[in-house]
Amino acid sequence: NAGVTQTPKFQVLKTGQSMTLQCAQDMNHNSMYWYRQDPGMGLRLIYYSASEGTTDKGEVPNGYNVSRLNKREFSLRLESAAPSQTSVYFCASSPFTGASNQPQHFGDGTRLSIL
Amino acid sequence: SQQGEEDPQALSIQEGENATMNCSYKTSINNLQWYRQNSGRGLVHLILIRSNEREKHSGRLRVTLDTSKKSSSLLITASRAADTASYFCATAPFGNNRLAFGKGNQVVVIP
């Protein structure tokens, strides 16, 4: 029962470097989400994909891009990392398209530090 | 913007006691959800209460929802050391497919 798998678990980058955070789910869920969690801020939605082939901006999309590669995989890319993007990033999924009245299933996060 | 706001922010209790935490929100909602996060892990869904429900139980958890006051409470009865975690409420506003998470309540249960 893998659920939602995120890689890598930890990463340190230098300012200006780029990287892609990977997320895969094995629950045949339609919707997937990327959040960031900062101390005292709760979770903030970066991007989400209501279904395969669609992506939409969340609350804090600047500096990020996403790709819904297929139904299972949803990646988050930082093109030019900045110290303000130091955070813990969580990927989540939910079963149905475009409905918020359902639980979300979370991965264990990627802890990203940008120097 | 953050919709849910939990209160209190941190709670320390003895094992066996009850723990209560509250969440307030600003706009009309479709439902409200509570999640738990253990240290270093992702969030785990606990319970979902719809806007037309007033109370819901799941094991040792009891959630209430007062839409007139735009608030919810989560009660954990007979707490255990394993309940030590952060607890988040998340609201689903009407007409919006996204969840808005609160800042979280840290609960420490002392054995």
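Data block above holds the structure.
Definitions and cut-offs
- Residues numbered from 1 in each chain as written.
- Chains lettered and ligands numbered in written order.
- Predicted model: local features only at pLDDT ≥ 70, side-chain atom pairs only at ≥ 80, totals over all residues.
- Heavy atoms only, no water.
- Helix = DSSP H or I, 4+ residues; strand = E, 2+ residues; numbered from the N terminus.
- Buried < 20%, exposed > 50% of the residue type's maximum accessible area, 1.4 Å probe, protein only.
- Disulfide = S-S within 2.5 Å.
- Contact = heavy atoms within 4.5 Å.
- Buried area = accessible area lost by both parts, 1.4 Å probe.
- Salt bridge = Lys/Arg side-chain N within 4 Å of Asp/Glu carboxyl O.
- Polar contact = N/O pair within 3.5 Å; in protein donor to acceptor, adjacent residues only side chain to side chain.
- Nonpolar A, V, L, I, M, F, W, Y, C, P; charged D, E, K, R; others polar.
- Pairing = 2+ DSSP bridges.
- Axes fitted to C-alpha atoms, helices over the stretch in contact; angles between N-to-C directions.

Engineer: Would you mind showing me how to read the environment of Leu43 of chain B here?
Structural biologist: Residue and element names in this part refer to chain B. Structurally, the position occupied by Leu43 is in strand E5 (residues 43-50). With a relative accessible area of 3%, Leu43 lands in the buried category. Along the sequence, Leu43 and His57 sit 14 residues apart, while their C-alpha atoms lie 20 Å from each other.

Engineer: Hey, could you run me through the state of the cysteines in this one?
Structural biologist: Simply put, the disulfide is a covalent bond whose two ends are the sulfur atoms of two cysteines. Applying the stated criterion across every chain, the model contains two disulfides over all chains. A sulfur-sulfur distance of 1.9 Å marks the disulfide that ties Cys23 of chain A to Cys91 of chain A. Since a negative S-S torsion denotes a left-handed disulfide, the Cys23 of chain A-Cys91 of chain A link at about -75° is left-handed. Taken together, the residues span a long stretch of sequence, with Cys23 of chain A in strand E3 (residues 19-25) and Cys91 of chain A in strand E9 (residues 87-94) at a distance of 68 residues. The buried category is assigned to Cys23 of chain A, whose relative accessible area is 4%. The side chain of Cys23 of chain B participates in a disulfide bridge whose partner is Cys89 of chain B; the two sulfur atoms lie 2.0 Å from each other. Residues Cys23 of chain B and Cys89 of chain B are joined by a disulfide whose S-S torsion is about 65°; by sign, that bridge is right-handed. A residue pair is termed long-range when its members are at least 10 positions apart, and Cys23 of chain B in strand E3 (residues 19-24) and Cys89 of chain B in strand E9 (residues 85-93) qualify at 66 residues. Considered together, Cys23 of chain B and Cys89 of chain B belong to a single accessibility category, that of buried residues.

Engineer: What should I look at first to understand the interface of chain B and chain A in this one?
Structural biologist: Interfaces are often described in size by the accessible area the parts lose on coming together. Listed as interface residues are 23 residues of chain B and, on the opposing side, 24 residues of chain A. Regarding the contact of chain B and chain A, the summed buried area is about 1900 Å², with carbon and sulfur atoms giving 48% of it. It is Leu43, Asn97 and Arg98 of chain B in chain B that bury the most area against chain A; as a group they hold 29% of the surface buried on that side. Applying the counting criterion to the chain B and chain A interface returns one salt bridge. One salt bridge connects Asp108 of chain A with Arg41 of chain B, and the closest N-O pair in it is separated by 3.0 Å. Where chain B packs against chain A, one counts seven residue pairs in polar contact (both at pLDDT 80 or more). Contributing elements (two or more residues each) for the side of chain B that touches chain A: strand E4 (29-37), E5 and E9 of chain B. Here the element with the most residues in the side of chain B that touches chain A is E4 of chain B; it accounts for five residues. The residue inventory of the side of chain B that touches chain A, partitioned by class, reads seven nonpolar, twelve polar and four charged.

Engineer: Please clarify how the sheet that holds strand E8 (residues 74-78) of chain A should be interpreted in this entry.
Structural biologist: Across a sheet, strands are paired by hydrogen bonds formed along the backbone, either parallel or antiparallel in direction. Residues and elements named next belong to chain A. With antiparallel pairing, four strands are arranged side by side in an open sheet as E1-E3-E8-E7. Each edge of the open sheet carries a strand with a single partner, namely strand E1 (4-7) and strand E7 (64-68). Going across the sheet, the axis of each strand differs from the next one's by a mean of 15°, ignoring polarity. Pairing between E1 and E3: four bridges, direction antiparallel. Opposite Gln6, over in E3, you have Cys23 as the bridge partner.

Engineer: Help me understand unusual backbone geometry, please; the structure alone is not making it clear to me.
Structural biologist: Trans peptide bonds make up the majority, and among non-glycine residues the majority have a negative phi. With an omega of -5°, the peptide bond between Thr7 of chain A and Pro8 of chain A qualifies as cis. One non-glycine residue, Ala78 of chain B, lies in positive phi territory at about 45°. Of note, Ala78 of chain B is situated in the loop between strand E8 (71-76) and E9. Take Ala78 of chain B: its relative accessible area is 40%, and that puts it in the partly exposed class.

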